[in-house]
Amino acid sequence: MTAAEQASAAPTVLVLNGPNLGRLGARTPEVYGTASLDDLTRELRTAGARLDLQVDVRQSDDEAELIGWLFEAIERRCPVVLNPAAFTHYSYALADAAVQVPEAGLPLVEVHISNPAGRERFRHRSVISAVATGTIAGFGFDSYVLALDAIARLQRR
């Protein structure tokens, strides 16, 4: 099998990022670091290749677009890594869409760059955690890498 055939045979993971994450590197660097979304994308593609996963990284400030991507994941049978960002705390519409991913037998891992439980009180509640397969938070970009590793392990079961 050629490298191109192997790459096409590798399962695709959708990595979905919510509002303001397009500003990584410029937004609150003391919390989110100085690396950009492009840096994250490169890191995740490298990690994905190591784990035999195709990684499709997307970001939107639009709740409806994120919901559409969750439905796409279900249709395409893709596991999801989701950083819902501010939508974490109040988007019942996103939670209603997100729950359909594990209901379809696909992993959905909620990730956060920072640890929301260690930040402002309003960030302590997640409407996504209860519907996600699991949550990883507080490890910077490694939260995403750990999520990919978890998905790769689940895929091998």
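As the structure is a prediction and not an experimental result, all values here were calculated from the model. (Residues numbered from 1 in each chain as written. Predicted model: local features only at pLDDT ≥ 70, side-chain atom pairs only at ≥ 80, totals over all residues. Heavy atoms only, no water.)

1. Quick word on the sheet that holds strand β1 (residues 12-17)
Each strand in a sheet pairs with another by means of backbone hydrogen bonds, the pair being arranged parallel or else antiparallel.
Okay, so step 1: If you trace the 5 strands from one edge of the open sheet to the other, you get β2-β1-β3-β4-β5, paired in parallel fashion. Two strands bound the open sheet, and with one partner strand each, they are β2 (54-59) and β5 (134-137). Mean inter-strand twist for the sheet, computed between neighbouring axes without regard to direction, equals 20°.
Okay, so step 2: Alignment of β1 against strand β3 (residues 80-83), held across 4 bridges, turns out to be parallel. Looking at β3, one finds that N17 is bridged to N83. (Pairing = 2+ DSSP bridges. Helix = DSSP H or I, 4+ residues; strand = E, 2+ residues; numbered from the N terminus. Axes fitted to C-alpha atoms, helices over the stretch in contact; angles between N-to-C directions.)

2. Observations regarding the side chain of S60
Okay, so step 1: Among the structural elements, S60 can be located in the loop between β2 and α4 (63-76).
Okay, so step 2: A relative accessible area of 4% means that S60 is categorised as buried.
Okay, so step 3: A polar atom in the side chain of S60 sits 2.9 Å from the backbone nitrogen of D62.
Okay, so step 4: Those residues in contact with S60, other than ones at most four positions away along the chain, are N17, G18, P19, E65, L66 and W69. (Buried < 20%, exposed > 50% of the residue type's maximum accessible area, 1.4 Å probe, protein only. Polar contact = N/O pair within 3.5 Å; in protein donor to acceptor, adjacent residues only side chain to side chain. Contact = heavy atoms within 4.5 Å.)

3. Section: unusual backbone geometry
Okay, so step 1: For N20, which is not a glycine, the phi torsion comes out positive at approximately 75°.
Okay, so step 2: Of note, N20 is situated in the loop between β1 and α2 (29-32).
Okay, so step 3: For N20, a relative accessible area of 36% translates into the label partly exposed.
Okay, so step 4: Non-glycine residue T28 carries a positive phi angle of around 40°.

4. Side note on α4
Turn by turn, an α-helix covers 3.6 residues, leaving residues three or four places apart pointing in a common direction.
Okay, so step 1: Given a rise of 1.5 Å per residue, 14 residues ought to cover 20 Å, and the 20 Å separating the end C-alpha atoms of α4 matches this to within 8%.
Okay, so step 2: Buried residues of α4: L66, I67, W69, L70, A73 and I74, and no others. Viewed along the axis of α4, the buried residues span an arc of 160°, placing them on a single side of the element. Opposite its buried face, α4 presents the exposed residues A64 and E75, each directed more than 90 degrees away.
Okay, so step 3: In this structure, the buried side of α4 is in contact with β1, β2, β3, α5 (92-98), α6 (100-103) and β4 (108-112).
Okay, so step 4: Among the residues trailing α4, R77 stands out with phi positive, at a value near 65°. (Expected span 1.5 Å × (residues − 1). Arc of directions from axis to C-beta.)

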